[in-house]
Amino acid sequence: MDIKQLGERVLAGERRALARSITLVESQRSDHRAQASELLEYLAEAKRQALRIGLSGTPGVGKSTFIESFGLMLTAQGLRVAVLAVDPSSSRSGGSILGDKTRMERLSRDRNAFIRPSPSQTHLGGVARRTREAVALCEAADFDVVLIETVGVGQSETVVAEMSDLFLLLLAPAGGDELQGVKRGIMEMADLILVNKADGDLKHAAMRTCADYSGALRLLRKRPQDPEGYPKAMMVSALQEDGLSVAWEEMQALTKWRRENGFWESGRANQARYWFDQEVRQALLAKLNTPEARATMDQLGGDVAQGGIGPAAAAQKMLEQLNAI
């Protein structure tokens, strides 16, 4: 594979080259990992940036509907939008449905939009392991906005905040009591809370939910990267495309403030450091998958199961073996 030629095609905005590059960075083969690193280093020289927007919410809250309506609104303004959707993988078969393109039928036909579903595999935190690199590829392909949709499994989906400039949390009306609003974790990471489905019979419930979360946000400790009034809760209706333009204005205002006050660059620098740390950890864990390490693990695991040695002592032996490899 000619990596430089592939990189030039990505920089030219070729969709097929972008899709092929994402497949390359998602591969776990060692030779593909080396090619992916070379490609990413080559594309980084272009220094292109997009607005990265992470999006999380429980299943059924309307993430796909919101992304389609929001994405169509952005493309109508002349912006190029990339959507990276992560689908949960089966713990039994390892397979994923990858049906986000089906859910976003109108957006998938838009020439200014690119949708790429990916399996989460065994990675926790609501995103795939290589989603961050896929974001970098979309930026290199000169997209203006990159939307990162998480699996949607609950309050632990905070990893997406480490690869996005803005983190949106979608909530459903009457989804729980007021105590949900003061829970830590994902609430503390959100920049905007959007109460979706604020239409029809659910509109009054959405108003109450929005008021509850607005009050809860005032109880959270103020973050240095937020101007006065942020984070905030708002109502939107993805189905009726109501409130989307107001939410986009809030996102732009927050982004502009962070750029002018130095939090944009510092945030990306901190994220780069975080992912360096994660890459080192993943490389160390990969040492456990060598034949020698697996054989030692099986032997020590059998000894622990029979009571011949304690788990802590066996772990110490395993670490000594890894140091010797």
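In what follows, the structure referred to is the one given above.
Summary of the structure given here. The model shown is predicted, which means the values in this text are computed figures rather than measured ones.

Right, let's get into unusual backbone geometry. Backbone geometry follows two general trends: most residues other than glycine have a negative phi, and most peptide bonds adopt the trans configuration. Cis geometry is adopted by the peptide bond preceding Pro-231, which originates at Tyr-230 and carries an omega value of -5°. By the secondary structure assignment, Pro-231 is in the loop between helix 9 (203-217) and strand 7 (232-235). The backbone of Lys-47 shows a phi angle near 55°, a positive value even though the residue is not glycine. On the accessibility criterion, Lys-47 (71% relative accessible area) is exposed. A positive phi angle, near 55°, is found at Glu-241, a position not held by glycine. Mapped onto the elements of the fold, Glu-241 is located in the loop between strand 7 and helix 10 (244-260).

Another point: helix 11 (residues 263-286). Its 24 residues give helix 11 an end-to-end C-alpha distance of 34 Å, which sits within 8% of 34 Å, the value for a rise of 1.5 Å per residue. Here helix 11 has its buried residues at Trp-264, Arg-268, Gln-271 and Trp-275. Along its buried surface, helix 11 packs onto strand 1 (51-57), helix 7 (131-140) and helix 10.

Bringing helix 10 into the picture now. Since the α-helix turns once every 3.6 residues, residues separated by three or four places project in the same direction. Between its terminal C-alpha atoms helix 10 stretches 24 Å, which fits the 24 Å expected from 17 residues at 1.5 Å a residue. Taken residue by residue, helix 10 has Leu-244, Ala-247, Trp-248, Glu-250, Met-251, Leu-254, Thr-255 and Arg-258 as its buried positions. Viewed end-on, helix 10 has its buried residues packed into an arc of 160°, placing them on one side of the element. For helix 10, the exposed residues lying more than 90 degrees away from the buried face are Glu-249, Lys-256 and Glu-260. Positive phi appears at Gly-262, one or two residues downstream of helix 10, with a value of about 85°.

Mapped onto the secondary structure, Asp-110 falls in the loop between helix 6 (105-108) and strand 3 (113-119). Arg-15 provides the closest opposite charge to the buried, salt-bridge-free Asp-110, at an N-O distance of 7.2 Å. The residues contacting Asp-110, other than those within four sequence positions of it, are Arg-15, Leu-72 and Thr-75.

Once that is clear, we can look at the environment of Gly-243. The residue Gly-243 is located in the loop between strand 7 and helix 10 in this model. The spatial distance from the C-alpha of Gly-243 to the C-alpha of Leu-194 is 9.6 Å, given a sequence separation of 49 residues. The contact partners of Gly-243, leaving out residues within four places of it in the chain, are Met-235 and Val-236.

Here the focus is the pairing of strand 6 (residues 192-195). A two-sided burial pattern is seen for strand 6, the buried positions comprising Leu-192 and Leu-194 on one face and Ile-193 and Val-195 on the other. Across 4 bridges, the pairing between strand 5 (residues 166-171) and strand 6 is parallel. Looking across to strand 6, one finds that Leu-168 is bridged to Leu-192. Pairing of strand 6 with strand 7 involves 4 bridges; the strand directions are parallel. Residue pairing for strand 7: Ile-193 is matched across the bridge by Ala-233.

Scoring rules and cut-offs
- Residues numbered from 1 in each chain as written.
- Predicted model: local features only at pLDDT ≥ 70, side-chain atom pairs only at ≥ 80, totals over all residues.
- Heavy atoms only, no water.
- Helix = DSSP H or I, 4+ residues; strand = E, 2+ residues; numbered from the N terminus.
- Buried < 20%, exposed > 50% of the residue type's maximum accessible area, 1.4 Å probe, protein only.
- Expected span 1.5 Å × (residues − 1).
- Contact = heavy atoms within 4.5 Å.
- Arc of directions from axis to C-beta.
- Lys, Arg positive; Asp, Glu negative; His and termini not counted.
- Salt bridge = Lys/Arg side-chain N within 4 Å of Asp/Glu carboxyl O.
- Pairing = 2+ DSSP bridges.

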